[in-house]
Amino acid sequence: MENIVLESLKTRRSIRSFTNKPVEQEKLDAILEAATYAPTGMGMQSPVIVLVKTPETVKKISKMNADVMGRDADPFYGAPVVAIVFGNKDSAPTWFEDACLVAGNLLNAAHAVGVDSCYIYRAKEVFSSPEGLSLLKEWGLNENYVGIANCILGYGAGETPEAKPRKADYIKIV
(Lines give C-alpha, C1' and ligand atoms only; values in the text may rest on other atoms or scores of the structure.)
Protein backbone atom coordinates (compact mmCIF):
# COMPACT_ATOMS: atom_id res chain seq x y z
CA MET A 1 0.00 0.00 0.00
CA GLU A 2 1.39 3.40 -0.93
CA ASN A 3 0.88 6.20 1.57
CA ILE A 4 3.05 9.24 2.28
CA VAL A 5 2.73 8.88 6.08
CA LEU A 6 3.63 5.17 6.01
CA GLU A 7 6.56 5.90 3.71
CA SER A 8 7.80 8.63 6.07
CA LEU A 9 7.60 6.25 9.05
CA LYS A 10 9.58 3.61 7.16
CA THR A 11 12.31 5.97 5.93
CA ARG A 12 13.16 7.85 9.16
CA ARG A 13 16.67 7.07 10.38
CA SER A 14 18.77 8.01 13.38
CA ILE A 15 21.41 10.48 12.26
CA ARG A 16 24.68 10.76 14.16
CA SER A 17 26.54 13.53 12.36
CA PHE A 18 25.20 17.05 11.96
CA THR A 19 26.06 20.30 10.23
CA ASN A 20 25.80 23.57 12.13
CA LYS A 21 23.00 24.79 9.86
CA PRO A 22 20.20 26.12 12.08
CA VAL A 23 16.78 24.51 11.90
CA GLU A 24 14.15 26.96 10.70
CA GLN A 25 11.70 28.07 13.41
CA GLU A 26 8.76 27.23 11.16
CA LYS A 27 9.92 23.62 11.01
CA LEU A 28 10.58 23.48 14.76
CA ASP A 29 7.08 24.82 15.41
CA ALA A 30 5.55 22.16 13.15
CA ILE A 31 7.59 19.38 14.79
CA LEU A 32 6.65 20.48 18.30
CA GLU A 33 2.99 20.87 17.43
CA ALA A 34 2.87 17.36 15.94
CA ALA A 35 4.55 15.97 19.06
CA THR A 36 1.74 17.39 21.21
CA TYR A 37 -0.77 15.27 19.29
CA ALA A 38 0.69 12.01 20.60
CA PRO A 39 -1.81 9.90 22.50
CA THR A 40 -1.70 10.29 26.28
CA GLY A 41 -3.44 8.34 29.02
CA MET A 42 -6.86 9.76 29.79
CA GLY A 43 -6.01 12.65 27.43
CA MET A 44 -4.06 14.32 30.27
CA GLN A 45 -1.26 15.64 28.02
CA SER A 46 1.10 15.41 30.98
CA PRO A 47 4.48 15.41 29.16
CA VAL A 48 6.41 18.62 28.66
CA ILE A 49 8.89 19.38 25.88
CA VAL A 50 11.77 21.77 26.48
CA LEU A 51 13.33 22.98 23.23
CA VAL A 52 16.96 24.01 23.63
CA LYS A 53 18.42 26.10 20.80
CA THR A 54 21.15 28.12 22.48
CA PRO A 55 24.52 26.56 21.59
CA GLU A 56 25.90 27.01 25.12
CA THR A 57 22.99 25.14 26.71
CA VAL A 58 23.00 22.38 24.09
CA LYS A 59 26.73 21.86 24.76
CA LYS A 60 26.19 21.93 28.52
CA ILE A 61 23.49 19.25 28.38
CA SER A 62 25.55 17.18 25.94
CA LYS A 63 28.49 17.30 28.35
CA MET A 64 26.25 16.30 31.26
CA ASN A 65 25.05 13.37 29.15
CA ALA A 66 28.64 12.40 28.30
CA ASP A 67 29.56 12.54 31.98
CA VAL A 68 26.78 10.04 32.76
CA MET A 69 28.33 7.72 30.15
CA GLY A 70 31.80 8.30 31.55
CA ARG A 71 33.06 9.46 28.16
CA ASP A 72 34.63 12.57 26.75
CA ALA A 73 32.58 12.68 23.56
CA ASP A 74 29.60 14.59 22.19
CA PRO A 75 26.60 12.27 22.52
CA PHE A 76 24.55 14.89 20.63
CA TYR A 77 26.81 14.53 17.57
CA GLY A 78 27.00 18.27 16.93
CA ALA A 79 23.22 18.68 16.54
CA PRO A 80 22.26 22.36 16.93
CA VAL A 81 18.95 21.68 18.70
CA VAL A 82 17.74 19.29 21.37
CA ALA A 83 14.11 18.75 22.33
CA ILE A 84 13.94 17.16 25.77
CA VAL A 85 10.77 15.29 26.63
CA PHE A 86 9.84 15.08 30.30
CA GLY A 87 7.20 12.92 31.92
CA ASN A 88 5.36 14.08 35.03
CA LYS A 89 5.54 11.15 37.46
CA ASP A 90 2.74 12.65 39.59
CA SER A 91 0.21 12.77 36.77
CA ALA A 92 -1.44 9.92 34.89
CA PRO A 93 -0.35 6.33 35.64
CA THR A 94 0.83 6.28 32.01
CA TRP A 95 3.20 9.25 32.39
CA PHE A 96 6.26 7.33 31.16
CA GLU A 97 4.53 5.80 28.14
CA ASP A 98 2.93 9.15 27.31
CA ALA A 99 6.33 10.86 27.19
CA CYS A 100 7.74 8.06 25.02
CA LEU A 101 4.88 8.49 22.55
CA VAL A 102 5.52 12.25 22.43
CA ALA A 103 9.19 11.58 21.64
CA GLY A 104 8.21 9.17 18.86
CA ASN A 105 5.84 11.69 17.32
CA LEU A 106 8.56 14.33 17.55
CA LEU A 107 11.15 12.20 15.73
CA ASN A 108 8.70 11.18 13.02
CA ALA A 109 7.46 14.75 12.55
CA ALA A 110 11.05 15.95 12.16
CA HIS A 111 11.62 13.49 9.33
CA ALA A 112 8.34 14.48 7.70
CA VAL A 113 9.53 18.10 7.39
CA GLY A 114 13.08 17.22 6.29
CA VAL A 115 14.85 17.59 9.64
CA ASP A 116 17.18 14.82 10.81
CA SER A 117 17.05 13.46 14.34
CA CYS A 118 18.21 10.87 16.83
CA TYR A 119 16.84 9.65 20.18
CA ILE A 120 19.53 10.00 22.84
CA TYR A 121 19.16 8.22 26.15
CA ARG A 122 20.26 9.22 29.67
CA ALA A 123 17.83 12.15 30.09
CA LYS A 124 16.63 10.57 33.34
CA GLU A 125 20.12 10.51 34.83
CA VAL A 126 21.05 13.97 33.56
CA PHE A 127 17.95 15.67 34.94
CA SER A 128 17.97 13.90 38.28
CA SER A 129 21.47 15.25 39.01
CA PRO A 130 21.86 18.45 41.06
CA GLU A 131 22.85 20.37 37.90
CA GLY A 132 19.92 18.89 35.99
CA LEU A 133 17.46 19.71 38.77
CA SER A 134 18.79 23.27 38.70
CA LEU A 135 18.01 23.47 34.97
CA LEU A 136 14.51 22.11 35.60
CA LYS A 137 13.92 24.84 38.15
CA GLU A 138 15.28 27.46 35.72
CA TRP A 139 12.79 26.18 33.12
CA GLY A 140 9.84 26.33 35.53
CA LEU A 141 9.62 22.59 36.12
CA ASN A 142 9.79 20.79 39.46
CA GLU A 143 11.36 17.50 40.50
CA ASN A 144 8.19 15.61 39.52
CA TYR A 145 9.37 15.89 35.91
CA VAL A 146 11.58 13.02 34.80
CA GLY A 147 13.77 13.23 31.71
CA ILE A 148 12.62 10.61 29.21
CA ALA A 149 14.22 11.51 25.87
CA ASN A 150 16.75 13.83 24.33
CA CYS A 151 15.64 14.25 20.72
CA ILE A 152 18.48 15.88 18.83
CA LEU A 153 17.51 17.80 15.71
CA GLY A 154 19.40 19.29 12.79
CA TYR A 155 20.63 18.60 9.28
CA GLY A 156 22.76 15.53 8.69
CA ALA A 157 26.37 15.90 7.62
CA GLY A 158 26.54 12.65 5.70
CA GLU A 159 24.56 10.04 3.88
CA THR A 160 21.40 8.66 5.42
CA PRO A 161 22.03 5.09 6.55
CA GLU A 162 20.09 2.19 5.10
CA ALA A 163 17.51 0.49 7.26
CA LYS A 164 18.49 -2.81 8.80
CA PRO A 165 16.34 -5.69 7.59
CA ARG A 166 13.35 -6.28 9.85
CA LYS A 167 13.66 -9.44 11.93
CA ALA A 168 11.58 -12.41 10.77
CA ASP A 169 9.59 -12.84 13.98
CA TYR A 170 8.79 -9.16 14.57
CA ILE A 171 5.05 -9.73 14.10
CA LYS A 172 2.95 -12.57 15.48
CA ILE A 173 -0.60 -13.00 14.25
CA VAL A 174 -2.93 -15.03 16.43
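Each chain carries its own residue numbering, running from 1 in the written order of its sequence. Two thresholds apply to this predicted model, a pLDDT of at least 70 for residue-level local features and 80 or more for giving and counting side-chain atom pairs, whereas whole-chain, interface and lining totals are computed over all residues. Excluding hydrogens and water, the side-chain figures rest on all heavy atoms present in the structure.

Chemist: In this structure, what is going on with the sheet that holds strand 1 (residues 48-52)? I would like to understand it.
Modeler: By definition, the strands of a sheet pair up through backbone hydrogen bonds, in either a parallel or an antiparallel sense. For two strands to be treated as a pair, DSSP must find no fewer than two bridges joining them. Secondary structure follows DSSP: runs of H or I at least 4 residues long count as helices, runs of E at least 2 residues long count as strands, and numbering of each begins at the N terminus. In spatial order, the strands read 1-2-4-3; together these four strands make up an open sheet with antiparallel pairing. Edge positions in the open sheet fall to strand 1 and strand 3 (116-120), since each of these has one partner strand only. Between one strand axis and the next, the sheet turns through 25 degrees on average, direction left out of account. Bridging between strand 2 (residues 81-88) and strand 4 (residues 145-154) involves eight bridges; their strand directions are antiparallel. Note on strand 4: the bridge partner recorded for Ala-83 is Cys-151. By definition, residues are in contact when any of their heavy atoms lie within 4.5 Å. Axes here refer to lines fitted to C-alpha atoms; in helices the fit is confined to the stretch in contact. Angles between the N-to-C directions go from 0 to 180 degrees. Helix-sheet contacts for helix 2 (residues 25-35) involve strand 1, strand 2 and strand 4, and the interaxial angle to strand 1 is about 165 degrees.

Chemist: Can you walk me through the nonpolar core in this structure?
Modeler: Across soluble globular proteins, nonpolar side chains have a tendency to be buried as a group. Residues Val-23, Ile-31, Val-85, Leu-106, Val-115, Cys-151 and Leu-153 are the most contacted members of the largest nonpolar core, which totals 23 residues. Counting residues per element, this core draws most heavily on helix 4 (residues 95-112), at seven residues. Val-85 has contacts with Pro-47, Val-48, Ile-49, Ala-99, Val-102, Ala-103, Leu-106, Val-146, Gly-147, Ile-148, Ala-149 and Cys-151, leaving out every residue within four places of it along the chain. The criterion is simple. A nonpolar core is a set of buried Ala, Val, Leu, Ile, Met, Phe, Trp, Tyr and Cys residues joined through side-chain atoms within 4.5 Å. Under the scheme applied here, a residue whose accessible area is under 20% of the maximum for its type counts as buried, over 50% as exposed, and between as partly exposed, the area being computed with a 1.4 Å probe on protein chains only. Formed by 22 residues, the second largest nonpolar core is a distinct cluster that contains Val-58, Met-64, Val-82 and Leu-135.

Chemist: Got a minute to help me understand helix 3 (residues 55-69) in this structure?
Modeler: At 3.6 residues per turn, the α-helix brings residues three or four places apart onto the same side. The end-to-end C-alpha distance of helix 3 is 21 Å, a good match for the 21 Å that 15 residues give at a rise of 1.5 Å each. Buried residues of helix 3: Val-58, Ile-61, Ser-62, Met-64, Asn-65 and Ala-66, and no others. Contact partners of the buried residues in helix 3: strand 1, strand 2, strand 3, helix 5 (123-128), helix 6 (130-138) and strand 4. One or two positions beyond helix 3, positive phi appears at Gly-70, with a value near 75 degrees. By this rule the span expected of a helix is its residue count minus one, scaled by 1.5 Å.

Chemist: What's the story with the layout of surface pockets in this structure? I'm lost.
Modeler: Empty space among the atoms becomes apparent when a probe as large as a water molecule is rolled across them. Approximately 310 Å³ is the volume attributed to the largest pocket. Contributing to the lining of the largest pocket are Leu-9, Lys-10, Arg-12, Arg-13, Ser-14, Asn-108, Pro-161, Glu-162, Ala-163, Lys-164 and Arg-166. Under the scheme applied, nonpolar residues are Ala, Val, Leu, Ile, Met, Phe, Trp, Tyr, Cys and Pro; charged residues are Asp, Glu, Lys and Arg; polar residues are all the others, including Gly. Grouping the amino acids of the lining of the largest pocket by side-chain chemistry returns three nonpolar, two polar and six charged. Site definitions follow a grid-based scheme: protein atoms alone, a 1 Å grid, a 1.4 Å probe that fits but cannot get out for cavities, and for pockets an open set with protein on both sides within 12 Å along at least five of seven lines, plus lining residues having an atom within 4 Å of a point. Grid points are joined across faces, edges and corners, and a volume is the space filled by probe spheres set on the points. Its volume calculated, the second largest pocket comes out at about 180 Å³. Lining the second largest pocket are Asn-20, Lys-53, Pro-55, Val-58, Lys-59, Ser-62, Asp-74, Phe-76, Gly-78, Ala-79 and Pro-80.

Shape descriptors only; they carry no functional weight alone.
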